[in-house]
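# Close look at the chain arrangement
This is what each chain is made of:
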Amino acid sequence: MASLKNYRSIVGIEHFEQLQMKSEKFSKYHILCINSTYQGGGVAEMLNSMIPMFHDFGIDFGWRILHGNPDFFKVTKSFHNGLQGDKINLSERRKKIYYETNKRFSKFTHINNHDLVIVHDPQPLALVDFYEKKQPWIFRAHIDITHPNTIHWTYLKNFIEQYDHLVISMEKYKKELNIPQSVIYPAIDPLYQKNKKISDKMIDSTLTKHGINIERPIISQVSRFDKWKDPLGVIRVFEMVRQKLDCQLVLLGAFATDDPEGQQIYEKVRKKVNKSKYKKDIKLLLNGTDLMVNCLQTASSVVIQKSLREGFGLVVSEALWKETPVVASNVGGIPLQVINGVNGFLHEPKDIKGFSESIIKLLKDEKLRDEMGKNGKEHVKNNFLITRLMIDWLNIFENYLD
Ligand code: UDP
């Protein structure tokens, strides 16, 4: 892990010292985070950086992972889909699996001398029912809850209102609730293996190993295999671009342990690639390392993020940080990151033609790519780095710990 002092030169002395001073105030406290996976997806990504960094600043920060079986994760993925607007049945059986798993986990998860508890996303949300709360509990929802399915929302709201505070990723995700709500934008760790600067030689050797020819323009999307990331739509966009220009598409994906739908979506994508007229130009890669993600986002001429819904979309900031312009859907937290015409282009998710035209425009114009790339990095530097995220959390802690 990078030493704290290395962050100083990236984020600036003033900002770094502010973080240091604020952290000192909480050095005597013991804080606990609970979520449902240690890898795969943006939440795990942020916790992996933030928790050890808080430790290095002297705060005693614990991290527990909820244990669930495949049935449980099927249920919670249906909650996730329901909260993002899908019409899904919420049966008594599903509620029972959900509730009992949380109950069981609470039996061997002792929350005694912690001064504050942060619970991430719906999987461990119901835990709050099984403790005599002796400290503030904060619920951190990372998903787009603008238009949730009412049945799911009503069920989960009963748990949320037992918390002391709700944290969401965008102002427009705020709900009518009887507890205070705050917005914290997610952020990336610039010194993590996935985001730190790497040499051209390393990029070349890593990508070549995966059969990617770096002499040809690369378009890529890095995302879990999830219908909300619309990998099939990405292929349609690519086919339109490829008709006009020589280029290749790389879809790099993974399965998160708390997302059981991944395999099924992956199969659909594989079939679509096999049927494509341009199948030789499409690479479908699974479980790439952090280095691989870094190399791909850095070497791509254009990164695409064609999500249908997106809580925030950390991958967008990751690509912008590497000075790669991003052509993305105008949904969820993406427009906070992509400023249309400045560091990339935004389109409605259905606008396949718009996506392909913007990508073609960028592929044809190196100067535009360079300019947008620089703007992207600056935007992330000013808004979406992990140190800012930590300051935002400390500001919330100030309301509860003195
Ligand atoms: N990711 C990865 N390998 C993959 C796919 C995704 O390392 O094959 C990482 C990606 O780099 C990012 C996170 O998973 O750090 C995805 O976060 P995002 O907020 O974009 O989406 P989420 O998966 O949380 O919906």
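Before reading further, recall that the structure is shown in the block above.
Residues numbered from 1 in each chain as written. Predicted model: local features only at pLDDT ≥ 70, side-chain atom pairs only at ≥ 80, totals over all residues. Heavy atoms only, no water.

## So, the sheet that holds strand S7 (residues 218–222)
Backbone hydrogen bonds hold the strands of a sheet together, and the pairing may be parallel or antiparallel. Pairing within the open sheet is parallel, and its 6 strands lie in the order S9-S8-S7-S10-S11-S12. With one partner strand each, in any of the chains shown, strand S9 (282–286) and strand S12 (344–347) form the two edges of the open sheet. Each adjacent strand pair in this sheet contributes to an overall mean axis angle of 20°, direction not counted. Where strand S8 (residues 248–253) meets S9, 5 bridges bridge the pair, whose relative direction is parallel. (Pairing = 2+ DSSP bridges. Helix = DSSP H or I, 4+ residues; strand = E, 2+ residues; numbered from the N terminus. Axes fitted to C-alpha atoms, helices over the stretch in contact; angles between N-to-C directions.)

## Some words on the site of the ligand
Near the ligand there are 17 residues, and of these Gly-42, Lys-194, Arg-224, Lys-229 and Glu-318 occur at the shortest range. Residue Gly-253 places a main-chain N or O atom 3.2 Å away from an oxygen atom belonging to the ligand. Interatomic distance of 2.8 Å between a backbone N/O atom of Leu-314 and an oxygen atom of the ligand. Relative to its unbound accessible surface of 540 Å², the ligand loses 88% to contact with the protein. Mapped by element, the contributors of at least two residues to the shell around the ligand are helix H3 (42–56), S8 and helix H11 (314–321). Among the elements that take part in the shell around the ligand, H11 stands out by supplying 3 residues, more than any other. Taken together, the residues of the shell around the ligand break down into 6 nonpolar, 5 polar and 6 charged. (Near = heavy atom within 4 Å. Polar contact = N/O pair within 3.5 Å; in protein donor to acceptor, adjacent residues only side chain to side chain. Areas by Shrake-Rupley, 256 points an atom, 1.4 Å probe, with all protein chains shown as cover. Nonpolar A, V, L, I, M, F, W, Y, C, P; charged D, E, K, R; others polar.)

## Here's the deal with unusual backbone geometry
In the Ramachandran plot, Asp-121 falls in the positive-phi region, its phi being about 65° despite a non-glycine side chain. Structurally, Asp-121 is set in the loop between strand S3 (116–120) and strand S4 (137–140). Asp-121 sits in the buried class, given a relative accessible area of 11%. For Asp-230, which is not glycine, the phi torsion reads 45° and is therefore positive. Along the polypeptide, Asp-230 turns up in the loop between S7 and helix H8 (231–244). (Buried < 20%, exposed > 50% of the residue type's maximum accessible area, 1.4 Å probe, protein only.)

Remember, this is a structural readout, not a statement about activity or role.
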